[in-house]
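Residue-level listing of the chains:
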Amino acid sequence: MKYTNSGNIDTRSGFGAGLTQLGKTHKDVVALCADLTGSLKMTDFKNNHPERFFQVGIAEANMIGLAAGMTIGGKIPFAGTFANFATGRVYDQIRQSVAYSGKNVKICASHAGITLGEDGATHQILEDIGLMKMLPGMTVINPCDYNQTKAATLAIADYQGPVYLRFGRPKVPNFTPENQVFEIGKALQLTQGKEVTIIATGHLVWEALLAAEELEKKGLSAEVINIHTIKPIDKEAIIASVKKTGCVVTAEEHNYLGGLGESVARTLAENYPAPQEFVATQDTFGESGTPAELMEKYGLNARSIVTKAEKAIKRK
Amino acid sequence: MPELTKLKDFATQVRRDILRQTHHVNSGHPGGSLGCTEFFVALYQEIMDYHTDFSMDGKNEDLFFLSNGHISPVFYSVLARSGFFPVEELATFRKINSRLQGHPTTHEGLPGIRVASGSLGQGLSVALGAAQTKKLNGDQHLVYTLHGDGELEEGQNWEAILYAAGNNIDNIIATIDYNKKQIDGSTDDVLPLGNLRKKFEAFDWEVLEIEDGNNIEQVIDGLKEAKARTGKGKPICILMHTEMGNGVDFMMGTHEWHGKAPNDEQLEKALAQNPETLGDYPL
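If you're wondering where the values come from, they're calculated on a predicted model, not measured in any experiment.

Criteria and thresholds
Residues numbered from 1 in each chain as written. Chains lettered and ligands numbered in written order. Predicted model: local features only at pLDDT ≥ 70, side-chain atom pairs only at ≥ 80, totals over all residues. Helix = DSSP H or I, 4+ residues; strand = E, 2+ residues; numbered from the N terminus. Rg over C-alpha atoms; globule rule 2.2 N^0.38 Å. Buried ≥ 20, exposed ≤ 12 C-beta atoms within 10 Å, placed from the backbone. Pairing = 2+ DSSP bridges. Axes fitted to C-alpha atoms, helices over the stretch in contact; angles between N-to-C directions. Contact = placed C-beta atoms within 7 Å. Core = buried A, V, L, I, M, F, W, Y, C linked by C-beta atoms within 7 Å. Domains from an automatic or database assignment. Nonpolar A, V, L, I, M, F, W, Y, C, P; charged D, E, K, R; others polar. Parallel < 35°, antiparallel > 145°, perpendicular 65-115°, else oblique. Left-handed = near helix turned anticlockwise from the far one by under 90°.

(A) Representation of the overall build of chain B in the model. For chain B, the count of helices and strands is 10 helices and 7 strands. Its C-alpha radius of gyration of 18 Å places chain B within 12% of the 19 Å reference for a compact globule of 283 residues. If you line up chain B on its principal axes, its C-alpha atoms span 50 × 45 × 35 Å. Considering chain B as a whole, with its 283 residues, one finds that 52% of them fall into the buried category.

Here's what the structure looks like:
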């Protein structure tokens with residue numbers, strides 16, 4: 001494969017590394033955390049810049065409001081907690097104080113999706129992309145590995161406007177280039193293919209590459225596209241690829257309602273209708289288990305992508 | 001201090017604006033607006049140091065955040081008459097394509113507004129964030145807020161109240177419009193607030209009270225006293241006793257005018273009790 005795994009590492013550590021770097025380069029970056037500093041990998045920032053780190057306690061609603069207020073006077077707040085508590089729990093605070101008010105707040109959400117693992121469904125949000133992309137003006141980013149998460153963290157500091165940055169807990173392959181330039185809203189084509197387009201986001205991008213390898217063995221070439229920015233979505237990249245391949249599989253660690261799949265489906269429905277299959281959770285809550293077990297049980301892996309790709313190709 | 005009569009005349013005109021704005025679109029919230037008229041006039045005509053050349057960042061000036069956004073009529077009137085935007089624009093309140101939305105917002109770019117409010121309980125958190133940024137920026141100016149008493153039923157307030165004291169945010173003055181009324185009736189009937197002074201004190205806030213929040217001298221004195229207590233390690237709370245509907249006899253002593261506009265006859269009666277001082281905006 002063209003892409004090699006330089007070693008498994010969690011995407012949240014990519015966020016932490018990015019934040020550490022921003023601490024040095026961006027004096028207006030401040031960080032807030034709701035009693036999960038270690039889990040969010042914000043400890044370095046906290047230690048290096050105690051005056052710019054705000055421990056808010058287990059009070060996420062207040063954290064979102066504080067972050068909105070801190071922008072008044074020029075700070076760039078990075079507010080971190082688990083994805084469940086960073087979205088559903090504080091939806092109205094984000095809606096009114098951040099999105100509607102147009103505040104330059106970066107909502108940094110770790111432990112997203114089912115790969116949070118053993119903690120179970122109370123903590124495994126599979127609806128957050130939908131919640132956030134519905135908010136007018138909100139940018140939604142779900143990077144695929146450590147390097148890309150770090151690059152995304154750096155990029156959003158220089159972008160003016162509210163951002164939802166989603167990342168995770170498990171150690172996953174790190175395969176995108178170190179020190180890459182992250183362009184918000186720009187899809188990345190990872191492989192060339194003719195028979196099917198696989199559009200993946202987050203942890204499913206590596207699985208999509210594995211799936212493309214499997215399909216290759218079966219004589220089917222797949223075009224893998226890494227969509228790290230779900231909103232605004234790169235319509236041109238999607239349309240161009242599907243025009244070439246004629247069908248698409250979307251893959252995400254999220255409910256099929258409201259996620260990447262729906263954004264792709266809308267793009268195609270408006271511009272170039274084509275058969276689409278969805279690798280996503282099927283309107284269900286998660287449960288306890290290891291990340292690998294859960295990905296298998298809920299059909300969020302390379303094997304599932306291969307099956308759906310074959311189905312999509314048959315539907316052409 | 002501008003002459004007291006000038007401030008009183010200002011307040012009377014603001015009351016007319018509140019009544020005329022709500023009557024014109026047959027909606028909006030006159031009750032709490034009338035009750036907080038003296039507070040807004042005192043704040044913008046006497047207490048705060050601000051620039052009418054509005055900048056969102058608000059550096060080197062005092063800031064005000066309205067948490068109970070439904071009393072937008074009094075906010076808009078005082079902002080307009082303090083020079084933030086043309087008084088004539090009050091005629092567009094709650095109308096299509098207006099910057100004067102039903103509840104205040106930054107979204108349409110109205111000068112003087114720094115955050116949207118309306119969904120209750122969010123203003124204190126935002127104000128505390130702004131207060132902390134002021135400290136980071138070495139800006140000595142203060143942050144003022146206003147909250148409904150009923151609004152304190154929202155849990156986010158208590159997260160913020162806990163946070164403010166725990167972090168010694170002493171450049172904020174949070175005023176509670178203590179009229180003891182909300183939409184469904186008295187706060188005692190809907191959800192008793194108990195002893196608010198003791199609650200704030202138990203959360204390590206500095207608390208002072210304004211006995212008559214519809215007496216402009218008392219409001220000014222109370223705000224000045226609050227200002228004098230800033231910078232001493234504790235956030236400041238003012239329990240400001242007001243009367244919902246103050247200034248219009250038939251709107252006082254009831255919660256009925258929380259969110260109800262006067263009809264033609266009622267408007268005439270209410271305006272007669274508040275004769276024109278600074279000039280009505282044209283409709």
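(B) Fine view of the sheet that holds strand 6 (residues 139–141) of chain A. Residues and elements named next belong to chain A. Taken in spatial order, the 7 strands make up an open sheet running 3-2-4-5-7-6-12, and their pairing is mixed. Each edge of the sheet is formed by a strand with only one pairing partner; in this case those strands are strand 3 (53–55) and strand 12 (229–231). Direction aside, neighbouring strands of the sheet carry axes that sit 20 degrees apart on average. Bridge count for strand 2 (residues 29–33) against strand 3 is 3 bridges, and the pairing is parallel. Bridging across to strand 3, A31 finds its partner in F53. Each of strand 2, strand 4 (76–82), strand 5 (106–110), strand 6 and strand 7 (163–166) is contacted by helix 7 (residues 146–157), which is oriented at about 170 degrees to strand 7, the strand it contacts most.

(C) The sheet that holds strand 13 (residues 248–255) of chain A, seen in detail. Residues and elements named next belong to chain A. Reading across the sheet, the 5 strands line up as 9-11-10-13-14 and stay open at both edges, with mixed pairing between neighbours. Unpaired on one side and paired on the other, strand 9 (188–189) and strand 14 (276–281) mark the two borders of the sheet. Bridge count for strand 13 against strand 14 is 5 bridges, and the pairing is parallel. In the sheet register, V248 faces strand 14, and the bridge partner there is Q276. Along the sheet, helix 10 (residues 260–271) contacts strand 10 (196–200), strand 13 and strand 14; its crossing angle with strand 13, the most-contacted strand, is approximately 145 degrees.

(D) Representation of the interface of chain A and chain B. Contacts between chain A and chain B engage 22 residues on the former and 27 residues on the latter. Breaking the side of chain A that touches chain B down by element, the ones donating at least two residues are helix 3 (60–70) and helix 5 (91–100) of chain A. Ranked by residues supplied to the side of chain A that touches chain B, first place goes to helix 3 of chain A with 8 residues.

(E) Up close: unusual backbone geometry. Here K231 of chain A and P232 of chain A are connected by a cis peptide whose omega angle stands at -5 degrees. Tracing the sequence through the fold places P232 of chain A in the loop between strand 12 and helix 9 (235–245). Phi angles above zero are rare outside glycine, and N97 of chain B is one such case at about 65 degrees. Within the secondary structure, N97 of chain B sits in the loop between helix 4 (72–81) and helix 5 (123–136). Phi at N168 of chain B takes a positive value of approximately 50 degrees, unusual for a residue other than glycine. Secondary-structure assignment places N168 of chain B in the loop between helix 6 (155–166) and strand 3 (172–178).

(F) Spatial organisation of the environment of G161 of chain A. Looking at the secondary structure, you find G161 of chain A in the loop between helix 7 and strand 7. Expressed as a C-alpha distance, the spacing of G161 of chain A and A99 of chain A, which sit 62 residues apart in the sequence, is 8.5 Å.

(G) Region of interest: the environment of I76 of chain A. Residues and elements named next belong to chain A. Take I76: it is sitting in strand 4. Placed 47 residues apart in sequence, I76 and V29 show a C-alpha to C-alpha distance of 4.6 Å. Those residues within four positions of I76 in sequence are excluded, and the remaining contacts are H26, D28, V29, V30, N104 and A157.

(H) Quick look at the pairing of strand 5 of chain A. Residues and elements named next belong to chain A. Of all 5 residues in strand 5, 5 are buried; the element is thus mostly enclosed. Residues K106, C108 and S110 point to one face of strand 5 and I107 and A109 to the other, with burial holding for every one of them. Two elements, strand 4 and strand 5, share 5 bridges in a ladder whose sense is parallel. What sits directly across from T81, in strand 5, is A109. As defined by bridge partners, strand 5 adjoins strand 7 across 4 bridges and the pair is classed as parallel. Residue pairing across strands places I107 opposite Y164, the latter belonging to strand 7.

(I) Quick peek at the environment of E256 of chain B. Residues and elements named next belong to chain B. With respect to the secondary-structure elements, E256 resides in the loop between strand 7 (236–241) and helix 10 (264–272). Overall, the presence of 15 C-beta atoms within 10 Å leaves E256 in the partly exposed class. For the pair formed by E256 and Q182, sequence separation is 74 residues and the distance between their alpha carbons is 9.1 Å.

(J) Fine view of the pairing of strand 4 of chain A. Residue and element names in this part refer to chain A. The buried count for strand 4 comes to 7 of 7 residues, which makes it a mostly enclosed element. Relative to strand 4, strand 2 runs parallel, the two being bridged by 5 bridges. Residue pairing for strand 4: A31 is matched across the bridge by F78.

(K) Structural detail: the nonpolar core. All names here are of chain A. One finds I198 and A208 to be the most contacted residues of the largest nonpolar core, which totals 180 residues. Counting residues per element, this core draws most heavily on helix 8 (residues 204–217), at 8 residues. Each of domain 1 (8–173) and domain 2 (188–311) accounts for three or more of the residues forming this core. If we skip the residues at most four places from it in the chain, A208 touches I198, A200, V224, A251 and I305.

(L) Fine view of the domain arrangement of chain A. Residue and element names in this part refer to chain A. Splitting chain A by domain gives domain 1 (8–173) and domain 2 (188–311). The gap between the C-alpha centroids of domain 1 and domain 2 is 25 Å. Facing the 27 residues of domain 1 at the interface are 30 residues of domain 2. Mapped onto the side of domain 1 that touches domain 2, the elements with two or more residues apiece are helix 6 (128–133), strand 6, helix 7 and strand 8 (171–173). Of the residues in the side of domain 1 that touches domain 2, the class split is 13 nonpolar, 10 polar and 4 charged.

(M) Local environment of the packing of helix 8 of chain A against helix 12 (residues 302–314) of chain A. All names here are of chain A. Contact geometry of helix 8 with helix 12 gives a least axis separation of 8 Å together with a crossing angle of 55 degrees. One finds that helix 8 runs oblique with respect to helix 12. The interaxial crossing formed by helix 8 with helix 12 has right-handed handedness. Contacts between helix 8 and helix 12 involve E207, A208, L210, A211, E214 and L215 from the first element and A302, I305, V306 and A309 from the second. In the contact of helix 8 with helix 12, the residues fall into 8 nonpolar, no polar and 2 charged.

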